[in-house]
Amino acid sequence: MRRFRRLALAAGAAATLALPGGAAEPAASLRATASLGFDSNARRVFNSTRDEADAVGSALLTAAARVSPGPLELSGSYVAAARKFAVHFSHDTLAQEAAAELAIRPLGTVQVAVDGRIKDRRGGPRRYSDLQSALVLRWQAVPELEVELHAGAHRFINRADIAYSFSSPEAGGRVRYRFDRRHTLTLGGELGHQRYNALAVVPPTNPDPAEVTREDGVLVASAGYGYRGAFQFSAGYQYFDEDSNSHGQTLRFHRVDLALGTPLPWNLLLFAQLTLQLGDYPDGISLAPMMTLSEDEERHSAFQLKLVRPLGERVDLELRYGVYANVLRQTDGSQPELPYFRQVASVGLAARM
């Protein structure tokens, strides 16, 4: 059992189905994954048909490093994900993300940091660059309690449709309490005010619309619980509210995530995540592009499963399966239902150092 626990912790640290909490990260890490699989809805469209199915090859590279020269702490990370389709080659993608943070401790319990992050996605209809920077204040008066406050700027550039680009000031905070080395509770919140590059869309009932820039107020509230012992488990809830002055762009959703990581017989490791999401569109359904870096991250209910079999000290065999589903409904019945369904399965090898 001890050996299984060590394997579960090592694989869980780099798993796509991330679980909160855990031991300190190494000073440097590198991981590469290559896989072949099947995607039943390669173009990620509503009302999909069999014509959307395709074979796909994927590659993922993640690197992270941390150094502490004197009183400073410098950390950075880089992620690159590529996807190649056999038929829908116009949806081939390359996504990259780089992040860095410079921190200093003016007091033993206080840390001040400046961080920056840039994401870039090329290929297909979801082409964008996403830039964020923030000033971060962390306080840990007692070992069990961590408080973080941050404020910064966010610039999103939608290269497929410049109208969906925006700039935004953002602020938020997080509180994490560790009851002991196994149980953790986290509360968080975010606020933002997005100013877009386009004019707001007025309701069709407005006979003489005024030209105003689209502006959205964004509120995110979250709570989570994590357990780490013989197995790993997490449960989280998130409320997202985007209130827009542009007709059809206001949306709200509730999201619940359950994740499990556990060793199995025959030297296997199981990682599973269930996401349940309920959305509300007060002005009606909007199918604006959903911009994400992760190839399998979607604003839909989902079930994801990963089975890992170590082949050596640094190489794993990975089997993955995911299903994503949703039905968008108009409460007044003015539009037909829009069903969404996607299945993804793959087999691959992962190497780490």
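Residues numbered from 1 in each chain as written. Predicted model: local features only at pLDDT ≥ 70, side-chain atom pairs only at ≥ 80, totals over all residues. Heavy atoms only, no water.

1. Topic: the overall build of the protein chain
Along its length, the protein chain carries one helix and 16 strands. For the protein chain, with 353 residues in total, the buried portion stands at 36%. When contacts within the protein chain are restricted to residue pairs at least 6 apart in sequence, long-range pairs at least 24 apart make up 56% of them. Within the structure as shown, the protein chain displays about 19200 Å² of accessible surface, and the carbon and sulfur contribution to it stands at 62%. (Helix = DSSP H or I, 4+ residues; strand = E, 2+ residues; numbered from the N terminus. Buried < 20%, exposed > 50% of the residue type's maximum accessible area, 1.4 Å probe, protein only. Contact = heavy atoms within 4.5 Å. Areas by Shrake-Rupley, 256 points an atom, 1.4 Å probe, with all protein chains shown as cover.)

2. Quick word on the environment of Ala-198
Topologically, Ala-198 is positioned in strand 9 (residues 183-199). On a C-alpha basis, the gap between Ala-198 and Ser-165 in space is 8.2 Å, while along the polypeptide they are 33 residues apart. Those residues within four positions of Ala-198 in sequence are excluded, and the remaining contacts are Ala-163, Thr-213 and Arg-214.

3. Describing a nonpolar patch on the surface
Nonpolar side chains collect at one region of the surface, where Tyr-237, Val-256, Leu-258, Leu-274, Leu-276, Phe-303, Leu-305 and Tyr-321 lie side by side and expose about 600 Å² of accessible area between them. Broken down by secondary-structure element, the contributors of at least two residues to the nonpolar patch are strand 12 (251-264), strand 13 (268-280) and strand 14 (301-310). The exposure class of Tyr-237 is partly exposed, given its relative accessible area of 34%. (Patch = residues over 30% accessible without salt bridge, like charges linked within 9 Å, V, L, I, M, F, W, Y side chains within 5 Å. Salt bridge = Lys/Arg side-chain N within 4 Å of Asp/Glu carboxyl O.)

4. Here we look at the side chain of His-154
For His-154, the position within the fold is in strand 7 (residues 145-158). In this structure the side chain of His-154 is engaged in a polar contact, spanning 2.7 Å, whose partner is the side chain of Glu-170. Ignoring sequence-local partners within four residues, the contact set of His-154 consists of Asp-130, Leu-131, Gln-132, Phe-166, Ser-167, Ser-168 and Glu-170. (Polar contact = N/O pair within 3.5 Å; in protein donor to acceptor, adjacent residues only side chain to side chain.)

5. A few points about the packing of aromatic side chains
The way to describe two aromatic rings as a pair is by their centre distance and the angle between their planes. The tally for this structure, following the rule as stated, stands at seven aromatic pairs. Each ring, one from Tyr-227 and one from Phe-231, has its centre 5.0 Å from the other, and the planes form 45 degrees; the classification is tilted. On the basis of relative accessible area, Phe-231 is assigned to the partly exposed category, the value being 35%. Linked through ring pairs, Tyr-128, Phe-156, Phe-166 and Tyr-196 together constitute an aromatic cluster. The positively charged end of Arg-214 is found above the aromatic ring belonging to Tyr-196, 3.8 Å away from the centroid. Positioned above the aromatic ring of Phe-271, the side-chain terminus of Lys-306 is 5.2 Å from the ring centre. (Phe/Tyr/Trp six-rings, centres within 6.5 Å; stacked < 30°, edge-to-face > 60°. Lys NZ or Arg CZ within 6 Å of the ring centre and 35° of its normal.)

6. Focus: unusual backbone geometry
The phi angle of most residues is negative, glycine excepted, and most peptide bonds adopt the trans form. Look at Trp-266: it is not a glycine, yet its phi comes out positive at around 65 degrees. Relative to the helices and strands, Trp-266 is located in the loop between strand 12 and strand 13. With a phi close to 65 degrees, Asn-267 is a non-glycine residue in the positive phi region. By the secondary structure assignment, Asn-267 is in the loop between strand 12 and strand 13.

7. Regarding the pattern of salt bridges
Evaluation of the coordinates by the stated rule reveals 20 salt bridges. Two residues, Arg-352 and Asp-316, come together in a salt bridge whose shortest N-O distance is 2.6 Å. Remark: Asp-316 occurs in strand 15 (residues 315-328) and Arg-352 occurs in strand 16 (residues 338-352); sequence separation between them is 36 residues. Using a relative accessible area of 3% as the deciding quantity, one classes Asp-316 as buried.

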